[in-house]
Amino acid sequence: MTALAVAPGVTHWPGYLDPAEQAALVDELREVARQAPFFTPRMPKTGKPFSVRMTNCGSLGWVSDEGGYRYQPSHPETRQPWPAMPLRLLRAWEELAGYPQPPQACLINFYEPTAKMGLHQDRDEEEFAAPVLSLSLGDTAVFRIGGTVRGGKTISLKLASGDALVFGGEARLAYHGIDRILAGSSSLLPQSGRINLTLRRVTKPPV
DNA sequence: GAGTCACT
DNA sequence: AACA
(Lines give C-alpha, C1' and ligand atoms only; values in the text may rest on other atoms or scores of the structure.)
Protein backbone atom coordinates (compact mmCIF):
# COMPACT_ATOMS: atom_id res chain seq x y z
CA MET A 1 0.00 0.00 0.00
CA THR A 2 1.44 3.33 -1.07
CA ALA A 3 1.49 6.23 1.35
CA LEU A 4 1.89 9.64 -0.20
CA ALA A 5 3.40 12.39 1.94
CA VAL A 6 1.24 15.27 0.77
CA ALA A 7 2.64 17.83 3.21
CA PRO A 8 4.34 17.62 6.60
CA GLY A 9 1.94 15.69 8.83
CA VAL A 10 -0.46 14.86 5.97
CA THR A 11 -0.46 11.35 4.47
CA HIS A 12 -2.72 10.12 1.68
CA TRP A 13 -3.34 6.40 1.15
CA PRO A 14 -5.07 5.97 -2.22
CA GLY A 15 -7.18 2.83 -2.33
CA TYR A 16 -6.58 1.98 1.31
CA LEU A 17 -9.87 0.06 1.39
CA ASP A 18 -10.35 -2.37 -1.48
CA PRO A 19 -13.75 -2.46 -3.21
CA ALA A 20 -15.02 -5.41 -1.14
CA GLU A 21 -14.08 -3.66 2.09
CA GLN A 22 -15.74 -0.47 0.90
CA ALA A 23 -18.97 -2.33 0.18
CA ALA A 24 -18.87 -4.11 3.54
CA LEU A 25 -18.27 -0.80 5.30
CA VAL A 26 -21.20 0.81 3.51
CA ASP A 27 -23.40 -2.04 4.76
CA GLU A 28 -22.20 -1.44 8.30
CA LEU A 29 -22.85 2.29 7.96
CA ARG A 30 -26.35 1.61 6.71
CA GLU A 31 -27.01 -0.16 9.99
CA VAL A 32 -25.44 2.72 11.94
CA ALA A 33 -27.70 5.18 10.13
CA ARG A 34 -30.75 3.04 10.87
CA GLN A 35 -30.02 3.40 14.59
CA ALA A 36 -28.74 6.98 14.40
CA PRO A 37 -30.45 8.74 11.50
CA PHE A 38 -28.65 11.43 9.51
CA PHE A 39 -29.50 14.91 10.74
CA THR A 40 -28.82 18.35 9.31
CA PRO A 41 -26.42 20.28 11.51
CA ARG A 42 -26.80 24.04 11.84
CA MET A 43 -24.33 26.84 12.29
CA PRO A 44 -23.82 28.25 15.77
CA LYS A 45 -25.70 31.48 16.43
CA THR A 46 -27.20 31.85 12.93
CA GLY A 47 -28.82 28.42 12.68
CA LYS A 48 -27.96 28.26 8.97
CA PRO A 49 -28.10 24.62 7.89
CA PHE A 50 -24.98 22.86 6.65
CA SER A 51 -25.08 21.44 3.14
CA VAL A 52 -23.88 18.08 4.46
CA ARG A 53 -25.97 15.74 6.58
CA MET A 54 -24.31 13.85 9.37
CA THR A 55 -24.47 11.18 11.99
CA ASN A 56 -21.87 9.53 14.23
CA CYS A 57 -20.77 6.28 15.75
CA GLY A 58 -18.50 5.64 18.71
CA SER A 59 -18.78 6.81 22.30
CA LEU A 60 -18.91 10.49 21.31
CA GLY A 61 -20.36 12.28 18.32
CA TRP A 62 -19.74 15.74 16.90
CA VAL A 63 -22.83 17.92 16.56
CA SER A 64 -23.52 21.55 15.75
CA ASP A 65 -26.53 23.74 16.30
CA GLU A 66 -27.35 27.23 17.58
CA GLY A 67 -25.65 26.28 20.82
CA GLY A 68 -22.28 25.68 19.17
CA TYR A 69 -19.96 22.90 18.06
CA ARG A 70 -19.50 20.11 20.57
CA TYR A 71 -19.07 16.40 21.21
CA GLN A 72 -21.85 14.61 23.01
CA PRO A 73 -22.62 10.97 23.82
CA SER A 74 -26.05 10.85 22.21
CA HIS A 75 -27.92 11.72 19.02
CA PRO A 76 -29.32 15.27 19.11
CA GLU A 77 -32.77 14.21 17.90
CA THR A 78 -33.37 10.67 19.13
CA ARG A 79 -31.36 11.25 22.35
CA GLN A 80 -30.12 7.65 21.99
CA PRO A 81 -26.44 6.79 22.48
CA TRP A 82 -24.44 6.63 19.26
CA PRO A 83 -24.03 3.13 17.80
CA ALA A 84 -20.74 1.34 18.36
CA MET A 85 -17.93 1.93 15.91
CA PRO A 86 -17.57 -0.95 13.43
CA LEU A 87 -14.46 -3.04 14.13
CA ARG A 88 -13.21 -2.35 10.62
CA LEU A 89 -12.85 1.32 11.57
CA LEU A 90 -11.01 0.52 14.77
CA ARG A 91 -8.63 -1.60 12.69
CA ALA A 92 -8.03 1.25 10.26
CA TRP A 93 -7.23 3.55 13.17
CA GLU A 94 -4.80 1.01 14.65
CA GLU A 95 -3.10 0.66 11.30
CA LEU A 96 -2.86 4.31 10.29
CA ALA A 97 -3.19 6.64 13.26
CA GLY A 98 -0.03 5.77 15.20
CA TYR A 99 -1.82 6.63 18.42
CA PRO A 100 -1.98 4.16 21.30
CA GLN A 101 -5.60 4.69 22.32
CA PRO A 102 -8.72 3.92 20.30
CA PRO A 103 -10.74 6.65 18.59
CA GLN A 104 -13.81 7.91 20.44
CA ALA A 105 -15.72 9.57 17.63
CA CYS A 106 -16.45 8.72 14.05
CA LEU A 107 -18.28 11.53 12.29
CA ILE A 108 -20.14 10.33 9.22
CA ASN A 109 -20.78 13.09 6.69
CA PHE A 110 -22.95 12.60 3.62
CA TYR A 111 -22.25 14.98 0.76
CA GLU A 112 -24.82 15.30 -1.98
CA PRO A 113 -23.20 16.37 -5.25
CA THR A 114 -23.78 20.06 -4.48
CA ALA A 115 -22.56 19.91 -0.89
CA LYS A 116 -19.40 21.70 0.18
CA MET A 117 -17.45 22.20 3.35
CA GLY A 118 -15.69 25.51 3.81
CA LEU A 119 -12.16 25.68 5.13
CA HIS A 120 -12.10 25.02 8.86
CA GLN A 121 -10.00 23.55 11.64
CA ASP A 122 -10.89 20.51 13.72
CA ARG A 123 -10.33 21.97 17.14
CA ASP A 124 -13.23 20.85 19.28
CA GLU A 125 -11.17 18.00 20.70
CA GLU A 126 -9.06 18.21 23.83
CA GLU A 127 -6.43 15.76 22.54
CA PHE A 128 -4.41 17.18 19.66
CA ALA A 129 -1.66 14.57 19.99
CA ALA A 130 -3.92 12.15 18.10
CA PRO A 131 -4.29 12.65 14.36
CA VAL A 132 -7.53 12.89 12.42
CA LEU A 133 -8.18 9.90 10.14
CA SER A 134 -10.47 10.42 7.16
CA LEU A 135 -11.93 7.67 4.96
CA SER A 136 -13.73 8.40 1.70
CA LEU A 137 -16.55 6.37 0.14
CA GLY A 138 -18.46 7.01 -3.06
CA ASP A 139 -17.90 9.95 -5.36
CA THR A 140 -14.48 11.60 -5.49
CA ALA A 141 -14.10 14.85 -3.58
CA VAL A 142 -11.85 17.79 -4.35
CA PHE A 143 -10.24 18.35 -0.96
CA ARG A 144 -8.19 21.38 0.03
CA ILE A 145 -5.76 21.64 2.91
CA GLY A 146 -3.53 24.46 4.07
CA GLY A 147 -1.67 25.43 7.19
CA THR A 148 -2.76 26.52 10.61
CA VAL A 149 -3.41 30.14 9.70
CA ARG A 150 -6.35 31.24 7.60
CA GLY A 151 -5.38 32.84 4.32
CA GLY A 152 -2.17 30.84 3.93
CA LYS A 153 -1.10 28.66 1.04
CA THR A 154 -3.33 25.67 0.31
CA ILE A 155 -3.05 22.59 -1.85
CA SER A 156 -5.79 20.57 -3.48
CA LEU A 157 -6.05 16.83 -3.81
CA LYS A 158 -8.72 14.40 -4.95
CA LEU A 159 -10.01 11.89 -2.45
CA ALA A 160 -11.53 8.85 -4.14
CA SER A 161 -13.58 5.98 -2.75
CA GLY A 162 -11.46 3.85 -0.45
CA ASP A 163 -8.82 6.50 0.15
CA ALA A 164 -7.52 7.26 3.62
CA LEU A 165 -6.06 10.57 4.69
CA VAL A 166 -4.33 11.19 8.00
CA PHE A 167 -3.43 14.61 9.31
CA GLY A 168 -1.59 14.98 12.56
CA GLY A 169 1.47 16.47 14.16
CA GLU A 170 2.10 19.90 12.73
CA ALA A 171 -0.91 19.44 10.42
CA ARG A 172 -3.34 18.46 13.19
CA LEU A 173 -4.86 21.95 13.20
CA ALA A 174 -4.53 22.56 9.47
CA TYR A 175 -7.40 24.34 7.73
CA HIS A 176 -9.16 21.96 5.36
CA GLY A 177 -12.40 21.63 3.46
CA ILE A 178 -14.23 20.20 0.47
CA ASP A 179 -14.45 22.35 -2.67
CA ARG A 180 -16.51 20.06 -4.80
CA ILE A 181 -17.94 16.58 -5.27
CA LEU A 182 -17.42 14.92 -8.64
CA ALA A 183 -20.90 13.44 -9.12
CA GLY A 184 -20.99 10.06 -10.82
CA SER A 185 -17.30 9.30 -10.30
CA SER A 186 -18.09 6.18 -8.27
CA SER A 187 -20.81 3.56 -8.35
CA LEU A 188 -20.29 2.34 -4.78
CA LEU A 189 -23.37 4.10 -3.43
CA PRO A 190 -26.89 3.67 -4.83
CA GLN A 191 -27.15 7.43 -5.31
CA SER A 192 -24.45 9.90 -6.30
CA GLY A 193 -22.70 11.58 -3.43
CA ARG A 194 -19.94 10.94 -0.98
CA ILE A 195 -19.64 9.60 2.52
CA ASN A 196 -16.71 10.78 4.57
CA LEU A 197 -15.74 9.25 7.89
CA THR A 198 -13.55 11.19 10.28
CA LEU A 199 -12.19 9.28 13.24
CA ARG A 200 -10.92 11.26 16.19
CA ARG A 201 -9.65 10.91 19.71
CA VAL A 202 -11.55 13.53 21.69
CA THR A 203 -10.33 13.32 25.29
CA LYS A 204 -6.83 12.80 26.59
CA PRO A 205 -6.34 9.22 27.73
CA PRO A 206 -6.64 8.69 31.50
CA VAL A 207 -3.20 8.54 33.20
C1' DG B 1 -13.36 41.65 10.56
C1' DA B 2 -14.01 36.65 10.46
C1' DG B 3 -16.71 33.21 8.36
C1' DT B 4 -17.54 24.67 7.92
C1' DC B 5 -19.16 32.77 3.97
C1' DA B 6 -21.28 33.21 -1.17
C1' DC B 7 -20.23 34.11 -5.44
C1' DT B 8 -17.64 34.82 -9.68
C1' DA C 1 -12.06 22.98 -13.87
C1' DA C 2 -9.17 25.15 -10.61
C1' DC C 3 -8.07 29.00 -8.21
C1' DA C 4 -8.29 33.19 -5.69
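As the structure is a prediction and not an experimental result, all values here were calculated from the model. (Residues numbered from 1 in each chain as written. Chains lettered and ligands numbered in written order. Predicted model: local features only at pLDDT ≥ 70, side-chain atom pairs only at ≥ 80, totals over all residues. Heavy atoms only, no water.)

Quick word on the overall build of chain A
Now for step 1: Scanning chain A for helices and strands turns up two helices and 13 strands.
Now for step 2: A globule of 207 residues ought to have a C-alpha radius of gyration of about 17 Å, and chain A, at 16 Å, matches this closely.
Now for step 3: If you line up chain A on its principal axes, its C-alpha atoms span 40 × 40 × 35 Å.
Now for step 4: Here chain A, with 207 residues, has 51% of them falling under the buried criterion.
Now for step 5: Sequence-distant contacts in chain A: of pairs separated by 6 or more residues, those separated by 24 or more amount to 71%.
Now for step 6: Working note: accessible area of chain A is about 9800 Å², and carbon and sulfur atoms make up 54% of it.
Now for step 7: Of the charged side chains in chain A, 22 are positive and 20 negative; the average position of the first set lies 6 Å away from that of the second. (Helix = DSSP H or I, 4+ residues; strand = E, 2+ residues; numbered from the N terminus. Rg over C-alpha atoms; globule rule 2.2 N^0.38 Å. Buried < 20%, exposed > 50% of the residue type's maximum accessible area, 1.4 Å probe, protein only. Contact = heavy atoms within 4.5 Å. Areas by Shrake-Rupley, 256 points an atom, 1.4 Å probe, with all protein chains shown as cover. Lys, Arg positive; Asp, Glu negative; His and termini not counted. Charge placed at Lys NZ, Arg CZ, Asp CG, Glu CD.)

Details of the state of the cysteines
Now for step 1: In this structure the tally under the stated criterion is zero disulfides.
Now for step 2: For the unlinked cysteine C57, the closest cysteine sulfur is that of C106, found at 4.0 Å. (Disulfide = S-S within 2.5 Å.)

Quick word on the sheet that holds strand β9 (residues 141-145)
Now for step 1: The strand order across the open sheet formed by four strands is β7-β12-β9-β10, and the pairing between neighbours is antiparallel. Since the sheet does not close on itself, it has two edges, and those belong to β7 (117-120) and β10 (155-159), each with one partner. Each strand of the sheet is rotated relative to its neighbour by a mean of 25 degrees, with strand direction disregarded.
Now for step 2: Strand direction decides the pairing type here: β9 and β10, joined by five bridges, are antiparallel. (Pairing = 2+ DSSP bridges. Axes fitted to C-alpha atoms, helices over the stretch in contact; angles between N-to-C directions.)

Topic: the protein's contact with DNA strand B
Now for step 1: As a matter of local geometry, DNA strand B sits amid M43, K48, W62, Y69, M117, G118, L119, H120 and R150.
Now for step 2: Protein-adjacent atoms of DNA strand B, using a 4 Å cutoff, are sugar or phosphate at a proportion of 61%.
Now for step 3: A distance of 3.5 Å is found between a phosphate oxygen of DNA strand B and a side-chain nitrogen or oxygen belonging to Y69.
Now for step 4: Here a phosphate oxygen of DNA strand B sits 2.4 Å away from a polar atom, N or O, in the side chain of R150.
Now for step 5: Examining the composition of the surface near DNA strand B, we find that four residues originate from one element, β7, more than from any other.
Now for step 6: Residue composition of the surface near DNA strand B, by class: five nonpolar, two polar and two charged. (Near = heavy atom within 4 Å. Polar contact = N/O pair within 3.5 Å; in protein donor to acceptor, adjacent residues only side chain to side chain. Nonpolar A, V, L, I, M, F, W, Y, C, P; charged D, E, K, R; others polar.)

Quick look at the sheet that holds strand β1 (residues 4-7)
Now for step 1: Strand order in the open sheet made by the seven strands is β1-β2-β11-β8-β13-β6-β3, with antiparallel pairing throughout. Only two strands of the sheet have a single partner each, and these edge strands are β1 and β3 (53-58). Direction aside, the axes of adjacent strands within the sheet are offset by 20 degrees on average.
Now for step 2: For strand β6 (residues 105-111) and strand β13 (residues 194-200), the ladder comprises seven bridges, and the chain directions are antiparallel. Bridging across to β13, I108 finds its partner in L197.

Here we look at the protein's contact with DNA strand C
Now for step 1: What surrounds DNA strand C is the set R144, S156, K158 and R180.
Now for step 2: A distance of 3.1 Å separates a phosphate oxygen of DNA strand C from a polar atom in the side chain of R144.
Now for step 3: Of the residues assigned to the surface near DNA strand C, the class counts are no nonpolar, one polar and three charged.

A word on the layout of surface pockets
Now for step 1: Empty space within the largest pocket amounts to approximately 710 Å³.
Now for step 2: Contributing elements (two or more residues each) for the lining of the largest pocket: β5 (68-72), β6, β7, β11 (164-167), β12 (176-181) and β13.
Now for step 3: Residue classes in the lining of the largest pocket are distributed as 17 nonpolar, ten polar and nine charged. (1 Å grid on protein atoms, 1.4 Å probe; cavity = no way out; pocket = protein on both sides within 12 Å on 5 of 7 lines; lining within 4 Å. Points joined across faces, edges and corners; volume = space filled by probe spheres on them.)

As for the UniProt feature "domain: Fe2OG dioxygenase" (unreviewed entry) in chain A
Now for step 1: When the UniProt feature table is mapped onto this chain, "domain: Fe2OG dioxygenase" (unreviewed entry) is found at residues 102-203.
Now for step 2: For residues 102-203, helix accounts for 0% and strand for 44%, while the C-alpha atoms at its two ends are 11 Å apart. (UniProt positions renumbered as here; feature names shortened; annotations may be inferred.)

As for the side chain of D122
Now for step 1: Along the chain, D122 turns up in the loop between β7 and β8 (132-138).
Now for step 2: Side-chain polar atoms of D122 contact the side chain of R200, separated by 2.8 Å.
Now for step 3: If we ignore the near neighbours within four places in the chain, the residues touching D122 are F128, V132, F167, R172, L173, H176 and R200.

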